[in-house]
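# Structural features, examined
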Amino acid sequence: MLGHMNKSVLKNATQTVLIAPPELSFDSAGAVRRRRFRRFKDRLASVAVGFGGISVIVAIMLIFIYLMYEVMPLFYAAEVKPWQHQGQQVEPYARPGADAATWYLTTEEQAEVGLRVDASGQASFFDTRTGQLKSQYQLSGDNAASATAFALGAEDSRSFALAHADGALTFARHQYQVSYPNDVRTITPLIEYPYADADLQLSPALGLVQQLAVRDSEDRLLAVALDATGLLVASRFAKEVNFITEAVEFEIDHSVIPVTAEPSAPIVRLLISPDTRWLFVLYRNGSLVTVDLKNFDTPQLHDPLQVSGGEIRRAEFLLGGNSLLIADSLGEVGQWFLVRDDQNAYRLAEVRRFSDPSPTAVVALTTEHRRKGFVVAEQDGQVSLYNSTSHNRVLTEPLIDPDQGIAMVAMAPRANALLIEDGSGMISLWQVDNEHPEVSWSSLWQQVWYEGYQQPDYVWQSSASNDDFEPKYSLAPLAFGTLKAAFYAMLLATPLAICGAIYTAYFMAPALRTKVKPFIELMEALPTVILGFLAGLWLAPFIEDQLATVFTLLTMVPLGVLLFAYGWHNLPKRIRLMIPEGWDLLVLIPIMIALAWFCLPLSSGLENLFFGGDMRAYITRDLGINFDQRNALVVGLAMGFAVIPTIFSITEDAIFSVPKSLSNGSLALGATPWQTLSRVVLPTASPAIFSAVMIGMGRAVGETMIVLMATGNTPIMDINIFEGMRTLA
């Protein structure tokens, strides 16, 4: 009976458990609240991630748009149009001053006030927009004799000179004073005579002067005059400052220059170089004689040179006075300057030639005041803008009626305005938009023959201390330097990073891998400015002093490691198994330290044996290889150190991510671990390895601070590992 009761209780208990299971409600207030909060977080995360991604894309697009905005003006075409003043087009007006031929025409900085010097010796300042006369000066001063010849000294100094019938020489400058009465800008023009107290007289042997050239320098004023009989005389006014009166006093010397001129080939232009050493005598028949005035009493004449196939119509110095522009009746302009030949003697060389597609005779030529550009006006009223360095014809426009022709052209100092006098004596003002004439394919990527160079070359030199400098914008040295720095950096980093990643991901013990991989990746956090600082101030001098040691280390350590690996592989198995699999790396550390220590005395002995005790001097003296302290070797070591973590991390992840099933299957089929690595793992991971190398190369190409501080910034094109470079970054 008791047993029957126990069974009933157990049965009832069992039935109770089965009949009354715990009640679970998924629609309780707490569960609903949690689900809503989870959905809110999911949506918020989706919106945040999407907004962040779109923001990155928008930011990159804005950067691209900004860069395009900055770069696009380089490709804008030049434009010349009538000047606009107060919303109205400036109409041509009659030339101010005397009704005589114009000797000189120019404007001041703002292109608001113009100056015209005419054949009567009168200087007239006028409003370039209306033609209204502002002031006039009689340049003869107290000299009653009429002016017979005019010469421009230099545009940048605003100096010029007049020769008079009595042999006197008047030297003057046009200046402009800017004031702001009642907050209105007012430009007051005036003529200054810097040597008004001096009696400047040309040689008494001269007759009526027909051609004149002057050049004012720090220590002398040089004037060269040609009279109607063909006599050419140079007058040197040596300056001495009186310490009492502080006035400039002159010692005058005259020297006859033995050049000949025939009626069929008269002298049409005289030009003096800025250093007053060279005189260029140009003949109408296209020939030129260079006169060396270094020995003033006995000038040395070079052989005549045919510089044009037609008649010479105009000749001017380009900005700086180094290049000579010669325009002829064929519509061509040649650029010439002095270079040294193999005997270290000067010769005049034609650098480049400019010609118009439909050439007519050149009637006017003027140069820009602050750039290596010039303006050519032709007989048919056509005006062309050129840039000499880029060898580029920027613009050709017919601005004046061919029936009227062009008599004179002047370029404003800022190269933003043209003042043109036509054959009928009317002056017109034109606005010029020509911001970047120096940009062309040839100036950026081809060899250019720059002033002062013996031959065409790739040169990057974007600025200098004076305005006469010729900018050199060749991108070839920068592109070459960028690839050179990247090449040497990748030469060091790629094999080390890939081989290290292979060993770490495939052979190293997991416990050791978890320590080595983060440590190498931590190297990438080191700022490149620190690496550049260390490379420039410590590594570069160290390599220069211990050059033999560096090359001994780069040679002996890899060979020593390979020999040790070979010996380790041939040791008895019981010795090799003393080191757990995957921990072999720890054995190499003392070996490498010992090899480095062994290389120190070894390099000294090798340097004494093969390089006379100084490898640095041997490379320079005996091999003729230039050696700069900050060179490509320093960059390769420093930038390779910066690139290694990038390539290592991506490559190691790629190899480690290869499915183990592929490796196990290969090993199960009888392949060795090395065969499995080379024929299964590496081909599978090769796309990622290639990406790692490309990203590392991108890092090397775009690196700024290391190459800035460790290369010397020398824009040269030389693969020499001991010379520096300059990169685009």
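See the structure printed just above.
Now for a description of the structure that goes with this document.

## Re the overall build of the chain
- Broken down by element type, the chain carries 14 helices and 34 strands.
- With the C-alpha coordinates aligned to their principal axes, the bounding extent of the chain is approximately 160 × 80 × 60 Å.
- Out of the 729 residues belonging to the chain, those deemed buried represent 42%.
- In the chain, the share of contacts with a sequence separation of at least 24, taken over all contacts with a separation of at least 6, comes to 53%.
- Positive and negative charge centroids in the chain, built from 52 and 73 side chains respectively, lie 21 Å apart.

## Remarks on empty space enclosed by the protein
- By the definition in use, this model includes one cavity of 30 Å³ or more.
- Taken together, Ala505, Tyr506, Ile655, Phe656, Val658, Lys660, Ser663 and Val681 make up the lining of the largest cavity.
- Elements with a contribution of two residues or more to the lining of the largest cavity: α4 (476-507), α11 (632-656) and α12 (660-668).
- By residue class, the composition of the lining of the largest cavity is six nonpolar, one polar and one charged.

## Notes on a negative patch on the surface
- A cluster of like negative charges, contributed by Glu79, Glu397, Asp433 and Glu435, occupies part of the molecular surface.
- The topology assignment puts Glu435 in the loop between β32 (426-433) and α3 (441-445).

## A few points about the pattern of salt bridges
- The tally for this structure, following the rule as stated, stands at 27 salt bridges.
- In this structure, the salt-bridge partner of Glu421 is Arg95, at a minimum N-O distance of 2.6 Å. On the criterion of sequence distance, the pair formed by Glu421 in strand β31 (residues 417-422) and Arg95 in the loop between β4 (93-94) and β5 (102-107) is long-range, its members being 326 residues apart.
- Judged by its relative accessible area of 2%, Glu421 is buried.
- Residue classification places Arg95 among the partly exposed positions, given a relative accessible area of 21%.
- The residue Asp118 makes a salt bridge to Arg116 at a minimum N-O spacing of 3.6 Å. Summarising the burial analysis for this pair, Asp118 and Arg116 share the class buried.
- Shared partners join several salt bridges into a network, and the residues in it are Arg513, Lys517, Glu521, Glu652 and Asp653.

## Observations concerning the sheet that holds strand β23 (residues 323-328)
- Spatially, the four strands line up as an open sheet ordered β22-β23-β24-β25, and their pairing is antiparallel. Here the strands that pair on one side only, and so sit at the sheet edges, are β22 (312-317) and β25 (346-355). Pairs of neighbouring strands in the sheet enclose a mean axial angle of 25 degrees, with direction left out of account.
- Alignment of β22 against β23, held across five bridges, turns out to be antiparallel. When the sheet's bridge partners are listed, Phe317 is paired in β23 with Leu324.

## Looking at the environment of Ser388
- Of note, Ser388 is situated in the loop between β28 (382-387) and β29 (392-398).
- Residue classification places Ser388 among the buried residues on the basis of a relative accessible area of 0%.
- In this structure Ser388 touches Leu318, Gln335, Arg352, Phe354, Lys372 and Phe374, once residues within four positions along its chain are discounted.

## Concerning the sheet that holds strand β16 (residues 248-256)
- In spatial order, the strands read β13-β14-β15-β16; together these four strands make up an open sheet with antiparallel pairing. Of all the strands in the sheet, just β13 (209-216) and β16 have a single pairing partner and so form its edges. Across the sheet, the mean angle separating the axes of adjacent strands is 20 degrees when strand polarity is ignored.

## Topic: α11
- For α11, built from 25 residues, the straight-helix expectation of 36 Å at 1.5 Å per residue is met to within 8% by its first-to-last C-alpha distance of 34 Å.
- Along its length, α11 shows its largest kink, about 35 degrees, at Phe641, and proline Pro645 lies within four residues downstream of that point.
- Counting buried positions over the 25 residues of α11 gives 20, a clear majority of the element.
- Two to three positions downstream of the cap, the backbone nitrogen of Leu633 sits 3.1 Å from a side-chain oxygen, assigning the N-cap of α11 to Asn631.

## Regarding the pairing of β13
- As paired elements, β13 and strand β14 (residues 220-227) share seven bridges and run antiparallel to each other. Bridge pairing links Asp216 to Leu221 in β14.
- A loop of three residues connects β13 with β14, the two strands running antiparallel in sequence.

## Comments concerning the nonpolar core
- Counting residues in each nonpolar core, the largest one holds 53 residues, and the members touching the most others are Leu547 and Met639.
- For this core, the secondary structure elements donating two or more residues are α4, α5 (510-522), α6 (528-545), α7 (547-569), α10 (615-621), α11, α13 (673-702) and α14 (705-710).
- The greatest single-element share of this core, amounting to 13 residues, is contributed by α11.
- Sequence-distant contacts of Met639, defined by excluding residues within four places in its chain, comprise Ala485, Ala486, Ala489, Ala700, Glu703, Ile706 and Val707.

## Brief notes about the packing of α12 against α13
- α13 packs onto α12 with a crossing angle of 145 degrees between their chain directions and a minimal axis gap of 10 Å. Of the two possible hands of crossing, α12 and α13 adopt the one that is right-handed. Across from Leu662, Ser663, Ser666 and Leu667 in α12, the residues of α13 making contact are Pro673, Thr676, Val680, Val681 and Thr684.

## Some details on helix α9 (residues 585-610)
- The terminal C-alpha atoms of α9, which comprises 26 residues, lie 35 Å apart, in line with the 38 Å expected from a rise of 1.5 Å per residue.
- Looking only at α9, the buried set comprises Val587, Leu595, Cys599, Ser603 and Glu607.
- For α9, the elements touching its buried residues are α7 and α10.
- Of the residues one or two after α9, Gly612 is the one with positive phi, at around 65 degrees.

## Topic: the packing of α11 against α13
- Axis separation between α11 and α13 bottoms out at 8 Å; the angle between their running directions is 155 degrees. As the angle between them shows, α11 and α13 are arranged roughly antiparallel. The handedness of the crossing between α11 and α13 is right-handed. Contact with α11, carried on its side by Met639, Ala642, Val643, Thr646, Ile647, Ile650, Thr651, Ala654 and Ile655, involves Val681, Leu682, Ala685, Ala688, Ile689, Ala692, Ile695, Gly696, Arg699 and Ala700 of α13 and no other residues of that element.
- Here the contact of α11 with α13 is composed, by residue class, of 15 nonpolar, three polar and one charged.

What counts and how
- Residues numbered from 1 in each chain as written.
- Predicted model: local features only at pLDDT ≥ 70, side-chain atom pairs only at ≥ 80, totals over all residues.
- Heavy atoms only, no water.
- Helix = DSSP H or I, 4+ residues; strand = E, 2+ residues; numbered from the N terminus.
- Buried < 20%, exposed > 50% of the residue type's maximum accessible area, 1.4 Å probe, protein only.
- Contact = heavy atoms within 4.5 Å.
- Lys, Arg positive; Asp, Glu negative; His and termini not counted.
- Charge placed at Lys NZ, Arg CZ, Asp CG, Glu CD.
- 1 Å grid on protein atoms, 1.4 Å probe; cavity = no way out; pocket = protein on both sides within 12 Å on 5 of 7 lines; lining within 4 Å.
- Points joined across faces, edges and corners; volume = space filled by probe spheres on them.
- Nonpolar A, V, L, I, M, F, W, Y, C, P; charged D, E, K, R; others polar.
- Patch = residues over 30% accessible without salt bridge, like charges linked within 9 Å, V, L, I, M, F, W, Y side chains within 5 Å.
- Areas by Shrake-Rupley, 256 points an atom, 1.4 Å probe, with all protein chains shown as cover.
- Salt bridge = Lys/Arg side-chain N within 4 Å of Asp/Glu carboxyl O.
- Pairing = 2+ DSSP bridges.
- Axes fitted to C-alpha atoms, helices over the stretch in contact; angles between N-to-C directions.
- Expected span 1.5 Å × (residues − 1).
- Bend = angle between axes of the 7 residues up to and from the residue.
- Polar contact = N/O pair within 3.5 Å; in protein donor to acceptor, adjacent residues only side chain to side chain.
- Core = buried A, V, L, I, M, F, W, Y, C linked by side-chain atoms within 4.5 Å.
- Left-handed = near helix turned anticlockwise from the far one by under 90°.
- Parallel < 35°, antiparallel > 145°, perpendicular 65-115°, else oblique.

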